[in-house]
Amino acid sequence: MISTARHGDVLVVTVDNPPVNALGTAVRRAIGEAVTSAQADAGIVATVIGGAGKLFSGGADITEFGKPGGEPGLPELCDAVEASAKPVIAALHGTCFGGGLELPLSCHGRVAAPSARLGLPEVKLGLLPGAGGTQRLPRLVGVARALDMIVSGDPIGADAALAAGLVDRVVPEAELLAGAVAFARDAAARGAPRRTGEREAQGGVAAVDAFTAAKGRALGGRDAPAACIRAVRGAVELPLADGLAQERRLFVDLLGGAQSKALRHAFFAERAANKIEGLPADAKPLKVERVGIVGAGTMGGGIAMTFLSAGIPVTMVERERGALDRGVALIRSNYERSAKRGRFTPDEVEAAMGRLTPVLEFDALHDCDLVIEAAFELLEVKTEIFGRLDRICRPGAILASNTSYLDIDAIAAATSRPGSVLGMHFFSPANVMKLLEVVRGARTEPAVLATAMALAKRLGKVAVVSGVCHGFIGNRMLNPRQAQANALILEGAAPEDVDRVMLEFGMPMGPFQMADLAGLDLGWTAETSKGETVRDILCERGRRGQKTGKGFYDYDVDRRRTPSDEVKAVIAEVAARQGVARRTIGDDEIRERLLYSMVNEGAKILDEGIAQRASDIDVVWINGYGWPATTGGPMFWAESVGFDRVAAGLARHRDRLGDAGEPSPRLLSRSA
Ligand code: T1G
C-alpha cells in the first residue's frame, strides 16, 4: 500500500502497490492520512511522496472505473495536497502517468530522476485527466505544451520536463530521495507553499484557438480529444474551482461513453493476450542473442530492422547478390528516412546497420538462437528451407516462419525438431506494425512459445497466440470480408462505395484501397490467369495497383485515387458473364455483409480454439489491420451491437454470404 518514514523533520511517504503503484482507494486514503498527520505534527516541516519499485505510479486504478468510488477520490486528494499548509514534494522516477502525474502536479514542487517519464495518457483510454491535470498542467508548462501532452497522451522525459517547468530539479537516480528531502526542507524554509493552482496558464485563449485550428481536424471521430481541449480552455477562461468542476463533468461523461469502454477493453485485452493458458510455470524463455533471417525482401528487411533496433544482431541470408544488396540498401534507406523524422540519431542508424551481417551462405546461420524464414509464400519453398535450416542450425535453435497463411505443422514436419518450430507472423511494414501473431504448432514446445512471447515484448510488439489454420486469426477473418467485397461489386455496389462504408466505420482503408496497396498481382501470374475474374482482367490490363498507378482506382503522382470507368466496365462485363443480377445496394447491407461475416468467422475461430479468447481477436484486428480501437475490436463491437442483431443480419443475407453466413454455434448461443 504505502510506507512512511521520517528523514529528520521531513516525512517520506512511499507508494508501494505493485505492479504499477496504481492509486486505488486504499492507497489514496493512506496518502491522505499521512499528509494530514504531517500537517498536525509540529516535528515535521514537509512531506515527500515517492514510489517503490521501477516507477512512481501508473495512475488511477483503471479496474476501479465504473464501480462505486472510494473516498477520498483522486481529485479530492489532489486538492487536499495542494491546500496543505506545509510543502508536499514529489520524488519522481520511471513512469508517472495519469493520476500518477496529477498528484505531483498538486504538490508544491517536483524533483525527478533521469528515468522519469511524465505523461497524461488518459486520452488513449477515451478519457481526459480527471484529477486536475487539465487545470494544473497548463499553469505549469503553458497552454500550448499542455495541450500537446494531454491531446497526444505521449510522455516527456526528465530533461524536457525540467525545460518546460514541469519539474523543478533533476538529480542523479541514486540521489532522488535525498534530493527531494533537501528540496522539501528548502521549500519549508521559504515559508508558505507555492501552489500550482494559484498560477496563471501562459498562452491564454489564443493558444487554445491556435491549437484547435492546427490540430482540430485530425481529431475527427473521437470524443476524448475534443473534451480535453474544452477542459483546458476552462483553465484560461474559468477560476480554478470552476475549471476543476467542468473537468469533472467532462470526465464523467467520457467514462460512461462507448468509446472509453471500448478503449479500456482494448487496454486490458492487450495485456491479457500476453497470458498463455495452460503454459507450464517452468516454461522459461530461451536466450535469443543472435537472429537469422531468410529472405531480404520487404518483410525480411522489416523484420531485420525490428531486431536491429532492439539491439539484437541479425544475419540475413539471400540467394543472390543483387537481392541481398537491394535488401540491405532498403533497410538503410528506411533507417535514414526515420532518422530524418527524428526517430533515430545518425549514430543509432550506424549502430543498427553495424549489427547486420548480410550473407549468401546458409551455413552462416549455424550459431543463431532463432531463425525466421521470410521467403516466397509457397509451401514447397518453405519446407525446403526448413529442411536445410534443420541440418545447419545448432540443436535447440528455434525455427520460425513468417508465413501469413500456410500450415505450420506441415512446415515443422520438414524438420527433425518440430518442437522448435512455430509461426512468427509479422505485419507489413514489420518495423512499424505492432502486431505479431505467434502461431503455436501441434508440437511446439512450451519454452519455445514462451520465448516468442517474451521476445515480442522486447521488440515492442503486441503478441497474440494463434493455433494452426489457414490464415490464422487475422487473415482468416479477412478472407470472408474480401470475398463479400468482391461479391458486392459484381452485384452492383461501386468499389468506392464499399471502401467509403469501411472508412466511415473507422477503418484506415477499404478492401479495394487495400488490394491496390498490396498489389492485385499478389499470388497472380499471367501464365495461370484465366481472365475470368475482375482481378484477372485488371492484372492482364496492367492495372496491378498503386505500383502501376492504377488498379481498382486510378492514381495521380501523389497517389490520390479516383474511381475508374474502365474498372466499372470490367466489373459489369464479369457480372454479365457470371449471370449476376445487378441492383442498388445500400450502405447498411455493405456494412453488415463485410463486418458480420468477419465476426462470424471470429466466432468460429473461438469455437475451434484457434484463439484463446475473444479479446485476442480484438487485439489482432486493432494492432494488425487498423480496426478502430474506439469500438474495441470486432468481437467487442459485435457484443455492443448485439449478437442477436449479428445473427439476424447473417440470416438476412444468408443466400449471398455462402458458407461465411453459416452461423457459428457460439454466435447463435450468444444471440439467443
Ligand atoms: N490501473 C490498473 N491496472 C493497471 C494500470 C492502471 N492504471 N496500469 C497497468 N495496470 C496493470 C496491467 O493491466 C497489468 O496487469 C499490470 O498492471 C502490468 O501492466 C483520474 C483517469 C504503467 C507504463 O493510462 O501504460 O489516471 O496483466 O503489463 O509494460 O486522470 O501499464 O499483469 O494483470 O502494462 O511495465 C492513466 C496505463 C490511468 C497508464 C507499465 N494511466 N498503464 O507498463 O506493465 S487513468 C495509464 C500503462 C487516470 C486520472 C485518470 C502501463 C505502464 P496484469 P503492463 P508495463
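Residues numbered from 1 in each chain as written. Predicted model: local features only at pLDDT ≥ 70, side-chain atom pairs only at ≥ 80, totals over all residues. Heavy atoms only, no water.

### Overview of the overall build of the protein
Moving on, step 1. Summing up its helical and strand segments, the protein has 28 helices and 19 strands in all.
Moving on, step 2. The C-alpha atoms of the protein give a radius of gyration of 28 Å, which matches the 26 Å a tight globule of 672 residues would have.
Moving on, step 3. Across its three principal directions, the C-alpha atoms of the protein cover 90 × 60 × 50 Å.
Moving on, step 4. Across the 672 residues that make up the protein, the buried fraction comes to 54%.
Moving on, step 5. Across the protein, every contact between residues at least 6 apart in sequence was considered, and the portion connecting residues at least 24 apart equals 72%.
Moving on, step 6. Surface summary for the protein: the accessible area is close to 27700 Å², and the carbon and sulfur share equals 55%.
Moving on, step 7. Each charge class in the protein can be summarised by its mean position, and for the 79 positive and 82 negative side chains these summaries are 2 Å apart. (Helix = DSSP H or I, 4+ residues; strand = E, 2+ residues; numbered from the N terminus. Rg over C-alpha atoms; globule rule 2.2 N^0.38 Å. Buried < 20%, exposed > 50% of the residue type's maximum accessible area, 1.4 Å probe, protein only. Contact = heavy atoms within 4.5 Å. Areas by Shrake-Rupley, 256 points an atom, 1.4 Å probe, with all protein chains shown as cover. Lys, Arg positive; Asp, Glu negative; His and termini not counted. Charge placed at Lys NZ, Arg CZ, Asp CG, Glu CD.)

### As for the site of the ligand
Moving on, step 1. The full set close to the ligand counts 26 residues, and Lys54, Glu102, Glu122, Arg271 and Lys275 are the nearest of them.
Moving on, step 2. The contact in question runs from an oxygen atom of the ligand to an N or O atom on the side chain of Glu122, over 2.8 Å.
Moving on, step 3. In the complex, the protein chains occlude 78% of the 1000 Å² of accessible area that the ligand would expose alone.
Moving on, step 4. Mapped onto the shell around the ligand, the elements with two or more residues apiece are α3 (99-106) and α11 (258-272).
Moving on, step 5. Take the shell around the ligand: its biggest share by element is three residues, from α11. (Near = heavy atom within 4 Å. Polar contact = N/O pair within 3.5 Å; in protein donor to acceptor, adjacent residues only side chain to side chain.)

### Focus: the pattern of salt bridges
Moving on, step 1. Taken as a whole and assessed by the stated rule, the structure comprises 48 salt bridges.
Moving on, step 2. For Lys382, the salt bridge is made with Glu373, and the minimal N-O distance between the two is 2.5 Å.
Moving on, step 3. A relative accessible area of 0% places Glu373 in the buried class.
Moving on, step 4. A salt bridge links Arg670 to Glu639; the nearest nitrogen and oxygen atoms lie 2.9 Å apart. Placement of the pair is Arg670 in helix α28 (residues 665-671) and Glu639 in helix α25 (residues 634-641), with a sequence separation of 31 residues.
Moving on, step 5. Relative accessible area serves as the criterion here: at 44%, Arg670 is assigned to the partly exposed category.
Moving on, step 6. For Glu639, a relative accessible area of 46% puts it in the partly exposed group.
Moving on, step 7. Bridged by salt links that share partners, the residues Arg541, Arg543, Asp554, Glu566, Glu573 and Arg577 form one connected network. (Salt bridge = Lys/Arg side-chain N within 4 Å of Asp/Glu carboxyl O.)

### Examining the sheet that holds strand β4 (residues 88-92)
Moving on, step 1. Reading across from one edge, β1-β2-β3-β4-β6-β9 is the order of the six strands in this open sheet, with mixed pairing throughout. Two strands close off the open sheet at either side, each with one partner strand: β1 (2-7) and β9 (169-170).
Moving on, step 2. As judged from the two bridges shared by strand β6 (residues 109-112) and β9, these two strands associate in the parallel manner. What sits directly across from Ala112, in β9, is Val170. (Pairing = 2+ DSSP bridges.)

### What to know about α25
Moving on, step 1. When α25 is considered as a whole, its buried residues turn out to be Pro634, Met635, Trp637, Ala638 and Val641. Summarising the axial view, the buried residues of α25 lie within an arc of 160°, below the 170-degree limit, and thus occupy one face.
Moving on, step 2. Against the buried residues of α25 lie α18 (474-491), α19 (495-505), α23 (587-607), α24 (614-624) and α26 (643-652).
Moving on, step 3. Looking one or two residues beyond α25, the residue adopting positive phi is Gly642, at roughly 110°. (Arc of directions from axis to C-beta.)

### A look at the sheet that holds strand β16 (residues 435-439)
Moving on, step 1. Spatial ordering of the open sheet is given by β12-β11-β10-β13-β14-β15-β16-β17, a layout of eight strands whose pairing is mixed. Every other strand in the sheet has two partners, leaving β12 (356-359) and β17 (462-466) as the edge strands with one partner each. The sheet shows a mean angle of 25° between the axes of neighbouring strands, taken without regard to direction.
Moving on, step 2. With four bridges connecting them, strand β10 (residues 291-294) and strand β13 (residues 370-373) associate as parallel partners. (Axes fitted to C-alpha atoms, helices over the stretch in contact; angles between N-to-C directions.)

### A short note on the packing of α23 against α24
Moving on, step 1. Contact pair α23 / α24: the axes reach a minimum separation of 10 Å and the direction vectors enclose 130°. By the angle class used here, α23 and α24 are oblique. The crossing of α23 and α24 is right-handed. On the side of α23, the interface is formed by Met598, Gly602, Ile605 and Leu606, while α24 contributes Ala614, Ile617 and Trp621.
Moving on, step 2. The residue makeup of the contact of α23 with α24, split by class, is six nonpolar, one polar and no charged. (Parallel < 35°, antiparallel > 145°, perpendicular 65-115°, else oblique. Left-handed = near helix turned anticlockwise from the far one by under 90°. Nonpolar A, V, L, I, M, F, W, Y, C, P; charged D, E, K, R; others polar.)

### Here's the deal with the packing of aromatic side chains
Moving on, step 1. Within this structure, the stated rule accounts for 13 aromatic pairs.
Moving on, step 2. Taking 5.4 Å as the distance between ring centres and 75° as the angle between the ring planes, the aromatic pair formed by Phe427 and Tyr625 counts as edge-to-face. One end of the pair, Phe427, is in the loop between β15 (421-426) and β16; the other, Tyr625, is in the loop between α24 and α25, and 198 residues separate them in sequence. Comparing Phe427 with Tyr625, the two get one shared label, buried.
Moving on, step 3. Positioned above the aromatic ring of Phe183 is the side chain of Arg190, whose terminal nitrogen or guanidinium carbon lies 5.9 Å from the ring centre.
Moving on, step 4. The ring of Phe362 carries Arg388 above its face, with NZ or CZ at 4.0 Å from the centroid. (Phe/Tyr/Trp six-rings, centres within 6.5 Å; stacked < 30°, edge-to-face > 60°. Lys NZ or Arg CZ within 6 Å of the ring centre and 35° of its normal.)

### Section: a positive patch on the surface
Moving on, step 1. A cluster of basic residues, Lys54, Arg271, Lys275 and Lys457, forms a positive patch on the protein surface.
Moving on, step 2. Its location among the elements puts Lys457 in helix α17 (residues 446-458).
Moving on, step 3. On the basis of relative accessible area, Lys457 is assigned to the exposed category, the value being 60%. (Patch = residues over 30% accessible without salt bridge, like charges linked within 9 Å, V, L, I, M, F, W, Y side chains within 5 Å.)

### A short note on the nonpolar core
Moving on, step 1. Formed by 66 residues in total, the largest nonpolar core has its most connected members in Ile473, Val498, Phe552, Ile617, Trp621, Trp627 and Trp637.
Moving on, step 2. Examining the composition of this core, we find that nine residues originate from one element, α23, more than from any other.
Moving on, step 3. Residues Leu127, Leu137, Ala146 and Leu255 belong to the second largest nonpolar core, which totals 64 residues. (Core = buried A, V, L, I, M, F, W, Y, C linked by side-chain atoms within 4.5 Å.)

### A closer look at the pairing of strand β2 (residues 10-15)
Moving on, step 1. Counting buried positions along β2 gives five out of six residues, so the element sits mostly inside the fold.
Moving on, step 2. Pairing between β1 and β2: six bridges, direction antiparallel. Note on β2: the bridge partner recorded for Thr4 is Val13.
Moving on, step 3. Following β1, the chain reverses through two residues before pairing antiparallel with β2; Gly8 in that reversal takes a positive phi of roughly 65°.
Moving on, step 4. Traced from β2 through helix α1 (residues 25-40) to strand β3 (residues 46-51), the parallel crossover comes out right-handed. (Right-handed = clockwise from strand over helix to strand, strands pointing away.)

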